[in-house]
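Chain residues, written in single-letter form:
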Amino acid sequence: MKTKGFIFDLDGVIVDTAKYHFLAWKNLANSLGFDFTEIQNEQLKGVSRVESLKKILAWGNTTVSDEKFQELMALKNTEYLEFINKMDDSEILPDVPRVLDYLIEIKQGVSLGSASKNARTILEKVHLLSKFKTIVDGNDVSKAKPDPEVFLNAAKSLNIKPEDCVVFEDSVAGIQAANTAHMVSIGIGSKDVLHEADYIFNDFTEISTEFINKIINN
Ligand code: B16
Ligand code: MG
């Protein structure tokens with residue numbers, strides 16, 4: 001069997017941390033005197049922390065000094081980490097461990113490619129850190145998705161050519177990043193949103209070993 005690289009996004013693919021980002025951003029927005037909706041939160045999926053705060057302040061027609069901006073970023077992250085610290089294995093999305101274990105069993109490269117600077121902490125909390133051969137996260141990249149930097153770095157870290165990599169992603173920007181990197185893009189979520197992906201599944205329960213074998217041998 002060939003060896004390919006399988007790169008997993010974190011939020012929305014392995015765990016649903018978007019709900020915690022939402023609560024922390026909403027409290028921050030409310031403290032500044034405006035609201036923040038779930039619809040707006042959707043637009044922050046896969047977007048870095050800095051870019052998220054810029055968007056939120058713009059939605060609230062608010063400008064702050066650079067110093068205050070840094071303070072708000074830290075405040076949000078402190079509250080977000082309070083939620084993260086309560087996470088455990090029960091928050092892993094359905095069948096993610098089955099697919100990870102199968103890929104490891106058949107000796108494929110497994111990497112994380114996430115925009116989050118908290119990726120390692122989250123993987124530790126849900127006891128999945130040891131499943132990843134390499135991790136590329138928000139601490140390692142300077143360009144956010146849809147730029148392919150995060151996935152290209154993940155391919156490099158696995159020592160596998162980008163064309164031999166497969167990306168699991170829940171965000172449009174992430175699918176675009178994978179496509180730009182000439183990787184196979186697999187959307188996890190709705191067909192209406194992720195139509196640019198090469199393949200789309202609602203979740204990992206729909207991803208069979210036959211499908212994985214087919215992707216590897218293609
Ligand atoms: P942090 P992903 C992304 O994770 C989230 O989808 C996005 O909402 C968040 O702003 C970003 O991580 C940065 O997270 O504040 O923890 O550094 O989907 O790329 O795994
Ligand atoms: Mg995501």
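Being a predicted model, the structure only gives us computed values, none of them experimental. (Residues numbered from 1 in each chain as written. Chains lettered and ligands numbered in written order. Predicted model: local features only at pLDDT ≥ 70, side-chain atom pairs only at ≥ 80, totals over all residues. Heavy atoms only, no water.)

## What to know about the pairing of strand S4 (residues 165-169)
Note on strand geometry: in a regular strand, side chains alternate between the two faces of the sheet. Most of S4 is tucked away, with 5 of its 5 residues classed as buried. The two faces of S4 match: Cys165, Val167 and Glu169 on one face and Val166 and Phe168 on the other face are all buried. Pairing of strand S1 (residues 5-8) with S4, which is carried by 4 bridges, proceeds in the parallel orientation. Bridge pairing in S4 links Phe6 to Val166. (Buried < 20%, exposed > 50% of the residue type's maximum accessible area, 1.4 Å probe, protein only. Helix = DSSP H or I, 4+ residues; strand = E, 2+ residues; numbered from the N terminus. Pairing = 2+ DSSP bridges.)

## A closer look at the coordination of the magnesium ion (ligand 2)
The magnesium ion (ligand 2) binds to the protein through Asp9 (OD), Asp11 (O) and Asp170 (OD), with metal-donor distances spanning 2.0 to 2.1 Å. Every donor residue of the magnesium ion (ligand 2) comes from the same chain, spaced as D-x1-D-x158-D. Of the two residues, Asp9 sits in the loop between S1 and helix H1 (18-31) while Asp170 sits in the loop between S4 and helix H8 (172-180), which places them 161 residues apart along the sequence. The buried category is assigned to Asp9, whose relative accessible area is 4%. (Donors = N, O, S within 2.8 Å, 3.2 Å for Na, K, Ca; no water.)

## Brief notes about the domain arrangement of the protein chain
The domain architecture assigned to the protein chain consists of domain 1 (5-16 + 89-217) and domain 2 (18-84). The C-alpha-based centres of domain 1 and domain 2 are spaced at 25 Å. Listed as interface residues are 12 residues of domain 1 and, on the opposing side, 11 residues of domain 2. Surface buried jointly by domain 1 and domain 2 totals about 1100 Å² across both partners, of which 49% is contributed by carbon and sulfur atoms. It is Asp11, Asp16 and Asn118 that lose the most area in domain 1 upon contact with domain 2, and together they represent 38% of the buried surface on that side. Linking domain 1 with domain 2 are 1 salt bridge, by the criterion used here. In this structure, Glu91 and Lys19 form a salt bridge, with 3.7 Å as the shortest nitrogen-oxygen distance. Where domain 1 packs against domain 2, one counts 4 residue pairs in polar contact (both at pLDDT 80 or more). Its residues placed into classes, the side of domain 1 that touches domain 2 shows 2 nonpolar, 3 polar and 7 charged. (Domains from an automatic or database assignment. Contact = heavy atoms within 4.5 Å. Buried area = accessible area lost by both parts, 1.4 Å probe. Salt bridge = Lys/Arg side-chain N within 4 Å of Asp/Glu carboxyl O. Polar contact = N/O pair within 3.5 Å; in protein donor to acceptor, adjacent residues only side chain to side chain. Nonpolar A, V, L, I, M, F, W, Y, C, P; charged D, E, K, R; others polar.)

## Observations regarding the site of ligand 1
Within the structure, ligand 1 sits among 18 residues, and Val47, Ala115, Ser116, Lys117 and Asn118 are positioned closest to it. One of the side-chain N or O atoms of Ser116 is found 2.7 Å from an oxygen atom in ligand 1. For the shell around ligand 1, the residue count by class is 5 nonpolar, 7 polar and 6 charged. Here the shell around ligand 1 spans two domains, since at least three of its residues come from each of domain 1 (5-16 + 89-217) and domain 2 (18-84). (Near = heavy atom within 4 Å.)

## Overview of the packing of aromatic side chains
The way to describe two aromatic rings as a pair is by their centre distance and the angle between their planes. A complete count under the given rule lists 10 aromatic pairs for this structure. Here Phe8 and Phe168 contribute two aromatic rings whose centre-to-centre distance is 4.7 Å and whose plane-to-plane angle is 40 degrees, an arrangement assigned as tilted. Highlighted residues: Phe8 in strand S1 and Phe168 in strand S4, separated in sequence by 160 residues. By relative accessible area, Phe8 is classed as buried at 0%. Exposure remark for Phe168: the relative accessible area of 1% places this residue in the buried category. Measuring from ring centre to ring centre gives 5.1 Å for Phe168 and Phe204, while their planes differ by 55 degrees; the resulting arrangement is tilted. Taken together, the positions of Phe168 in strand S4 and Phe204 in the loop between strand S6 (199-201) and helix H9 (209-217) put the pair 36 residues apart, joining distant regions of the chain. (Phe/Tyr/Trp six-rings, centres within 6.5 Å; stacked < 30°, edge-to-face > 60°.)

## Re H8
Those residues of H8 that sit buried are Ala173, Gly174, Ile175, Ala177 and Ala178. Those residues of H8 that are buried are in contact with helix H7 (149-158), S4 and strand S5 (184-188). Phi for His182, located one or two positions after H8, is positive at around 60 degrees.

## Some words on the sheet that holds S4
Ordered in space as S3-S2-S1-S4-S5-S6, the 6 strands form an open sheet in which the pairing is parallel. For this open sheet the edge positions go to strand S3 (134-136) and S6, each flanked by a neighbour on one side alone. Within this sheet the neighbouring strands show an average axis-to-axis angle of 20 degrees, counted without direction. Inspection of the sheet shows S4 paired to S5 by 4 bridges, in the parallel sense. In the sheet register, Phe168 faces S5, and the bridge partner there is Ile186. The strands that helix H5 (residues 96-105) touches are S1 and strand S2 (109-113); relative to S1, the one it contacts most, it runs at about 155 degrees. Contacting S1, S4, S5 and S6, H9 crosses the sheet at an angle of about 160 degrees to S6. (Axes fitted to C-alpha atoms, helices over the stretch in contact; angles between N-to-C directions.)

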